[in-house]
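One letter stands for each residue in the lines below.
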Amino acid sequence: MAANMYRVGDYVYFENSSSNPYLIRRIEELNKTANGNVEAKVVCFYRRRDISNSLIMLADKHAKEVEEESETTNEADLTDKQKHQLKHRELFLSRQYESLPATHIRGKCSVALLNETESVLSYLDKEDTFFYSLVYDPSLKTLLADKGEIRVGPRYQADVPDMLAEGELDDREQAKLEVKVWDPDSPLTDRQIDQFLVVARAVGTFARALDCSSSVRQPSLHMSAAAASRDITLFHAMDTLHKHNYDLSSAISVLVPLGGPVLCRDEMEEWSASEASLFEEALEKYGKDFNDIRQDFLPWKSLTSIVEYYYMWKTTDRYVQQKRLKAAEAESKLKQVYIPTYNKPNPNQLSSNNGKPGAVNGAMGASYQTQTSLIGRACESCYATQSHQWYSWGPPNMQCRLCASCWIYWKKYGGLKMPTQSEEEKLSPCQTTEDPRIRTHMSRQATQGTPVRNTGSPKSAVKTRQAFFLHTTCLTKLARQVCKNTLRLRQAARRPFVPINCAAIRAEYADRHCEIVGSPLKIKSTRKPLSCIIGYLEIHPAMKPNVVRSMPSLQTPTAKRMLATPNHSSRSILGKRNYSHHNGLEERSCCISD
């Protein structure tokens, strides 16, 4: 009964999908709708799988900094399995609220702020236990440190100096130490001090009556007297009395100088009515998070001013009225709700009907042979082959399944119990992922933190790329050796989009050929214009050959058509002219053969 009773402030699991992990939320309010259903206003928590990879790297960097400063168990002392499961226990708090049906609650859990003095293994030893240390903003996609950090540890301890010996002088700078502002052993009695404070309040009331802006904000004498009775007036009076060595006559003369009475204002009087309403609206949204209040609502106010105004605002009648209204609203709202245990079958269950294996992931059109091959498939997480219940998991085309215990782990923690092969490679200290070739060939599931399916097959789960090569002709290779100074292959490789001076290479190759062979190189003549070619074709028309096409028979196989390609028209594998054909170096093959 108590396990199914959910109250405001409980951390619970919500189910929004039969195949996805549970949502983790904190109940803020329980409201009954017009049709009688119960809705829960909840605070959202996010898992690592819900945020981007860049933010995950930022969270890991923050965790390393915390680990270096703490004195607890280091993450390096954990096994790969513990590191893998610890990531499933980390959450990210958000300021986002949403309303969900209370009937979607699937159980309770525990979420706490990361305690730096406690070992991280304590979260793994407890079921349904999570921790958080950063705040995630879904709209801005940012991660920030939580303002409610527990300041425990060596970095928050005060440096207590050694005790001075008897007669030893204090060498500290007295200007940096506290300043005495009041002497309790003054010659004045308590009655005289109270009378002086009454005079100071009266002067403050009269000063507000003379001030135009104050008379607008406090139109009545009662309001002016109440404002003059605040701490700012009393502090000014006591400070004046202390500075004048508790001489009443000189202190009173300072309260009323020649220019008129002194007017002392605090934050309650400096703020306008519109600023006060903005502050109340921000306080309703963010609570006592004064940094967010200043950033989003009152950027022209200093943080000190906002904090001072808050504690003065708590002494006003406005605060008392709002507190009474909230108490009345809380009385009308639900305090708790009973949700029975959800026992409906999950659509992802793999069941057998009339001895036939059930469909995987809803693939009702799968063949019987494919389904029978699934019977011996092991669990994708723990590799178990026997379980009282199996659940389909992952994309429908992969036909993966989980055992009952791994399915519960997946729903609660959003991951698999055992690290996959790709995660083991990332966690291994000898395997470095800095190599761009390794990063290129990593699967999409591994880069996003999603477990890669392990089928037990020796074939790699990563799809390989199609291999290809560029065939270089002998003439091109020879030109590279002969014209090294002109080609400058290293400089050309660094600037692949800059064209190579082919004419200079051809001229240098012709000169070097004359020096080595002794005969000039036959360079291919330039291409004739199109008009000459058209005139030649008009005089010498091309004769169309008679091609006899034979019908293929069943007895004789169809002959393959072989195309003989001469050297002067050889093409590369990309269907373009090769280097030698483009630069007129193919004639050199005839000279070399001669």
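Residues numbered from 1 in each chain as written. Predicted model: local features only at pLDDT ≥ 70, side-chain atom pairs only at ≥ 80, totals over all residues. Heavy atoms only, no water.

### Quick look at the overall build of the chain
Definition in use: Secondary structure follows DSSP: runs of H or I at least 4 residues long count as helices, runs of E at least 2 residues long count as strands, and numbering of each begins at the N terminus. Residue contacts are counted whenever heavy atoms from the two residues lie within 4.5 Å of one another. Only the protein chains shown count as cover for residues, and the accessible areas themselves come from Shrake-Rupley with a 1.4 Å probe.
If you tally the helices and strands in the chain, you get 25 helices and 14 strands. Once local pairs closer than 6 in sequence are excluded, the contacts in the chain between residues at least 24 apart make up 63%. If you sum the accessible surface of the chain, you get close to 40600 Å²; carbon and sulfur atoms cover 54% of it.

### Description of empty space enclosed by the protein
Quick reminder of the rule: Buried and open spaces are told apart on a 1 Å grid over the protein atoms alone, a cavity being a set of points where a 1.4 Å probe fits but cannot get out and a pocket being an open set with protein on both sides within 12 Å along at least five of seven lines. Residues with an atom within 4 Å of a point are the lining residues. Grid points are joined across faces, edges and corners, and a volume is the space filled by probe spheres set on the points. Under the grouping applied here, Gly and all other residues not named as nonpolar or charged are polar, the nonpolar ones being Ala, Val, Leu, Ile, Met, Phe, Trp, Tyr, Cys and Pro and the charged ones Asp, Glu, Lys and Arg.
For the coordinates displayed, the defined rule picks out 1 cavity of 30 Å³ or more. In terms of lining, the largest cavity is formed by A200, V203, G204, T233, H236, A237, L255, V262, L263 and C264. For the lining of the largest cavity, the secondary-structure elements that each account for two or more residues are α4 (190-210) and α7 (231-243). When the residues that make up the lining of the largest cavity are grouped by side-chain class, the tally is 7 nonpolar, 3 polar and no charged.

### Points about the sheet that holds strand β10 (residues 349-350)
Short version of the rule: Here a strand pair is declared whenever DSSP counts at least two bridges between the two strands. Fitted lines through C-alpha atoms give the axes, limited to the stretch in contact for helices. The angle between two N-to-C directions lies from 0 to 180 degrees.
Here 3 strands make up an open sheet; going across it, the order is β10-β13-β14 and the pairing antiparallel. Each of the sheet's edge strands pairs with one partner strand only, and the pair in question is β10 and β14 (400-403). With 4 bridges joining them, strand β13 (residues 390-393) and β14 adopt antiparallel strand pairing. Bridging across to β14, W393 finds its partner in C400. Each of β13 and β14 touches helix α15 (residues 404-413); the most contacted strand, β14, lies at about 100° to it.

### Brief notes about the packing of aromatic side chains
Going by this rule: Pairing of aromatic rings covers Phe, Tyr and the six-membered ring of Trp, with a centre-to-centre limit of 6.5 Å; geometry is then stacked below 30 degrees between planes, edge-to-face above 60, and tilted otherwise. Remark: a charge is flagged as sitting over a ring if the NZ atom of Lys or the CZ atom of Arg is within 6 Å of the ring centre and within 35 degrees of the ring normal.
All chains considered together, the criterion is met by 21 aromatic pairs. Ring pairs connect the aromatic residues W271, F279, F290, Y309, Y310, Y311, W313 and Y319, which therefore count as one cluster. Between K108 and the ring centre of Y6, over which it is positioned, the NZ or CZ distance is 5.6 Å. Lying over the aromatic face of W390, R401 brings its terminal NZ or CZ to 3.7 Å of the ring centre.

### Thoughts on the layout of surface pockets
Here the second largest pocket defines a volume of roughly 1200 Å³. Around the second largest pocket sit 42 residues that line it, and Y97, E284, K285, Y286 and G287 are the ones nearest its centre. When residues in the lining of the second largest pocket are grouped by element, the largest group, 7 residues, is from helix α13 (residues 317-332). Partitioning the lining of the second largest pocket into residue classes produces 17 nonpolar, 7 polar and 18 charged.

### Remarks on the pairing of strand β3 (residues 23-32)
As defined by bridge partners, strand β2 (residues 11-14) adjoins β3 across 4 bridges and the pair is classed as antiparallel. Its bridge partner being in β3, V12 is matched across the sheet by R25. Bridge count for β3 against strand β4 (residues 38-46) is 7 bridges, and the pairing is antiparallel. Its bridge partner being in β4, N31 is matched across the sheet by E39.

### Quick word on unusual backbone geometry
Only a minority of non-glycine residues have a phi that is not negative, and only a minority of peptide bonds are not trans. A positive phi angle, near 55°, is found at K141, a position not held by glycine. With respect to the helices, strands and loops of the structure, K141 is situated in the loop between β7 (129-137) and β8 (142-145). Even without glycine at this site, Q399 takes up a positive phi of about 55°.

### Focus: α15
Here is the rule: Remark: exposure states derive from per-residue accessible area (1.4 Å probe, protein chains only) relative to the maximum for the residue type, with buried under 20%, exposed over 50%, and partly exposed in between.
Taken across its 10 residues, α15 has 7 buried, putting it largely inside the fold. Taken residue by residue, α15 has A404, C406, W407, Y409, W410, K411 and Y413 as its buried positions. Tucked into the core, α15 has its buried residues touching α2 (80-88), β7, β13 and β14. Just beyond α15, the residue with positive phi is G414, at close to 75°.

### What to know about the state of the cysteines
Using the following cut-off: Note on terminology: pairs of cysteine sulfur atoms within 2.5 Å are recorded as disulfides.
Across all of its chains, the model carries 0 disulfides by this definition. With no disulfide of its own, C382 lies closest to C406 among cysteine sulfurs, the gap being 3.5 Å. The class for C382 is partly exposed, based on a relative accessible area of 31%.

### Some points on the packing of helix α10 (residues 273-286) against helix α12 (residues 303-313)
Stated precisely, the cut-off is as follows: Note on angle classes: values under 35 degrees are labelled roughly parallel, values over 145 roughly antiparallel, values of 65 to 115 roughly perpendicular, and the remainder oblique.
For the pair α10 and α12, the least separation of the axes is 12 Å and the interaxial angle reads 90°. Between α10 and α12, the interaxial angle falls into the category roughly perpendicular. Of α12, the residues touching α10 (which contributes A276, F279, E280 and L283) are I306, Y309, Y310 and W313. Across the contact of α10 with α12, the residue classes tally to 7 nonpolar, no polar and 1 charged.

### A closer look at the side chain of D128
Under the convention used in this document: Each polar contact in these results corresponds to two N or O atoms within 3.5 Å; when the atoms are within protein, one needs to be able to donate a hydrogen and the other to accept it, and residues that are neighboring in sequence are counted only if both atoms are side-chain atoms.
The topology assignment puts D128 in the loop between α3 (121-125) and β7. A polar side-chain atom of D128 sits 2.9 Å from a polar atom in the side chain of Y13. A polar side-chain atom of D128 sits 3.2 Å from a polar atom in the side chain of K412. When sequence neighbours within four positions are dropped, the list of residues in contact with D128 reads Y13, K108, C109, S110, K412 and Y413.

### Observations regarding the confidence of the model for the chain
Applied cut-off: Within a predicted model, pLDDT stands for the predictor's per-residue confidence, ranging from 0 to 100.
When pLDDT is averaged along the chain, the result is 75; 71% of the residues meet or exceed 70. Between the elements of the chain, mean pLDDT differs from a low of 39, seen in helix α14 (residues 368-373), to a high of 96, seen in β2. The low-confidence segment residues 353-373, where pLDDT is below 50, has 25 contacts with residues more than four positions distant or belonging to other chains. Confidence drops under pLDDT 50 across residues 424-464; counting only partners more than four residues distant or on other chains, this segment forms 39 contacts.

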